[in-house]
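One-letter residues, chain by chain:
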Amino acid sequence: MACGSSQALATAAGLTLLGGATRAFVAPPLPAGAPAAGAGQLRGSAAAPPSGPAPLAAGAGTPLAAGIAALAVGLAGGRAAALTRNAAAVKKKGVRVVEGKEVPWNLFSPKAPYKGTAISNDTITTQTPLVNWETCHVVMRHDKNVPYLEGQSIGIIAPGPDKKGQKPAKVRLYSIASSACGDDETFETVSLCVKRVVEVSGRGWCEYSNVEPGSDPEFPDAEKVYRGVCSNHICDLKPGDDVLITGPTGAEMLLPDDPEANIIMLATGTGIAPMRSYLRLLFNDAAGAAADGSRRFKGLAWLFMGVPYSKSLLYDDEHQEYTAKF
């Protein structure tokens, strides 16, 4: 049964709790030309362990022995199901079969990435005493060439050089922060939530430096400054800049099929990215709306968000809007 419409949102010392959602859930359709999903909804949960009583081993006639045997079979079944899903064969190029359904998979590789375009880049945190206080929300256009699902990741290839002097740098994976239709609901964009990695000697751990002493504009007096190669590349993107994209990949965090499921999400910092992709679908997008205007998701959605400072809460305005509306 659907839950009531009341929700609770509590914020204290960097903890955000979002609950009680009468929101719609449905995996949005893939764009034209993308691999088609099978019947029903795409999901990321492992298959349930075998049902029915477990057979007892010879001599195991006590209730305790029966319970242990049942538990062992259940655990073995769960492990086998997980291994089976992880080993799902790729049926055709750009597709992985997950629980009988097709999921977009590695359409673009590090050797042959897709060249997308940055649309916008916004800093979504305010400055704190931490040197790596900045987090950016970056939207990139892929023109329906990189379809993905909520809970998946894409790779970004920075020009480099990286720590080993390699150009371009090795691909770095980032969880997608937008739902499958993108923030603009056109299926043409993808969004990332990226913290700018900065390490400064004397202000925390800094073993390696990739900035000439005295040349860093923010920390000119520091003996050593390290700026993460890919995170700074992404956080420095300007509208119109090219960006090399790989993927999508990941089947471990896809949403469940059940529209009455209880979804519990825990995140710290930019780990909120996949959770935002879920919440956009459940609470915001037209793809998650029923024919009568209500939401298809009728279960409960709980979000626990941890950050070191309240100024570092990410997407809190969206969470407040959801709780006020639903």
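Residues numbered from 1 in each chain as written. Predicted model: local features only at pLDDT ≥ 70, side-chain atom pairs only at ≥ 80, totals over all residues. Heavy atoms only, no water.

- The name given to the chain in an unreviewed UniProt entry is ferredoxin--NADP(+) reductase, with Alexandrium monilatum as the source organism.
- Here is the UniProt Cofactor (unreviewed entry) comment for the chain, exactly as written: "FAD". (UniProt positions renumbered as here; feature names shortened; annotations may be inferred.)

## Some points on the layout of surface pockets
Piece 1. Of the pockets and cavities examined, the largest pocket occupies roughly 410 Å³.
Piece 2. Lining the largest pocket are 18 residues, with Lys163, Arg172, Tyr226, Gly228 and Val229 positioned closest to its centre.
Piece 3. Mapped onto the lining of the largest pocket, the elements with two or more residues apiece are β8 (172-175) and α2 (229-235).
Piece 4. Considering only residue class, the lining of the largest pocket consists of 9 nonpolar, 2 polar and 7 charged. (1 Å grid on protein atoms, 1.4 Å probe; cavity = no way out; pocket = protein on both sides within 12 Å on 5 of 7 lines; lining within 4 Å. Points joined across faces, edges and corners; volume = space filled by probe spheres on them. Helix = DSSP H or I, 4+ residues; strand = E, 2+ residues; numbered from the N terminus. Nonpolar A, V, L, I, M, F, W, Y, C, P; charged D, E, K, R; others polar.)

## Examining unusual backbone geometry
Piece 1. In the segment running from Gly160 into Pro161, the intervening peptide bond is cis, with an omega of 5 degrees.
Piece 2. Within the secondary structure, Pro161 sits in the loop between β7 (153-157) and β8.
Piece 3. Following Lys167, the chain continues into Pro168 via a peptide bond in cis, with omega recorded as -10 degrees.
Piece 4. If you trace the backbone, Pro168 turns up in the loop between β7 and β8.
Piece 5. For Glu99, which is not glycine, the phi torsion reads 50 degrees and is therefore positive.
Piece 6. The topology assignment puts Glu99 in the loop between β3 (95-98) and β4 (101-104).

## What to know about the nonpolar core
Piece 1. Ranked by internal contacts, the top residues of the largest apolar core, which has 26 residues, are Cys193, Ile263, Met265, Ile272, Met275, Phe283 and Met305.
Piece 2. Elements with a minimum of two residues in this core: β13 (262-268), α3 (273-283) and β14 (300-306).
Piece 3. In terms of residue count, α3 provides more of this core than any other element does, 7 residues in total.
Piece 4. Core analysis: the next-biggest nonpolar cluster, separate from the first, contains 23 residues, Phe108, Val194, Cys235 and Ile245 among them. (Core = buried A, V, L, I, M, F, W, Y, C linked by side-chain atoms within 4.5 Å. Buried < 20%, exposed > 50% of the residue type's maximum accessible area, 1.4 Å probe, protein only.)

## A closer look at the pairing of β13
Piece 1. Only one face of β13 is covered, namely the one carrying Ile263, Met265 and Ala267; the face carrying Asn262, Ile264, Leu266 and Thr268 has none of its residues buried.
Piece 2. In this sheet, β14 lies alongside β13 in parallel orientation, the contact comprising 7 bridges. Its bridge partner being in β14, Met265 is matched across the sheet by Leu303.
Piece 3. Between the parallel pair β13 and β14, the chain is carried across by α3, and the sense of this crossover is right-handed. (Pairing = 2+ DSSP bridges. Right-handed = clockwise from strand over helix to strand, strands pointing away.)

## Quick word on α3
Piece 1. The buried count for α3 comes to 11 of 11 residues, which makes it a mostly enclosed element.
Piece 2. Those residues of α3 that fall on the buried side of the exposure criterion are Ala273, Pro274, Met275, Arg276, Ser277, Tyr278, Leu279, Arg280, Leu281, Leu282 and Phe283.

## Side note on the pairing of β4
Piece 1. Side-chain alternation along β4 places Lys101 and Val103 on one buried face and Glu102 and Pro104 on a second face that is also buried.
Piece 2. The pairing of β3 with β4 spans 4 bridges and is classified as antiparallel. Counted as the bridge partner of Arg96 is Val103 from β4.
Piece 3. Two successive antiparallel strands, β3 and β4, enclose a turn made up of 2 residues, where Glu99 displays a positive phi of approximately 50 degrees.

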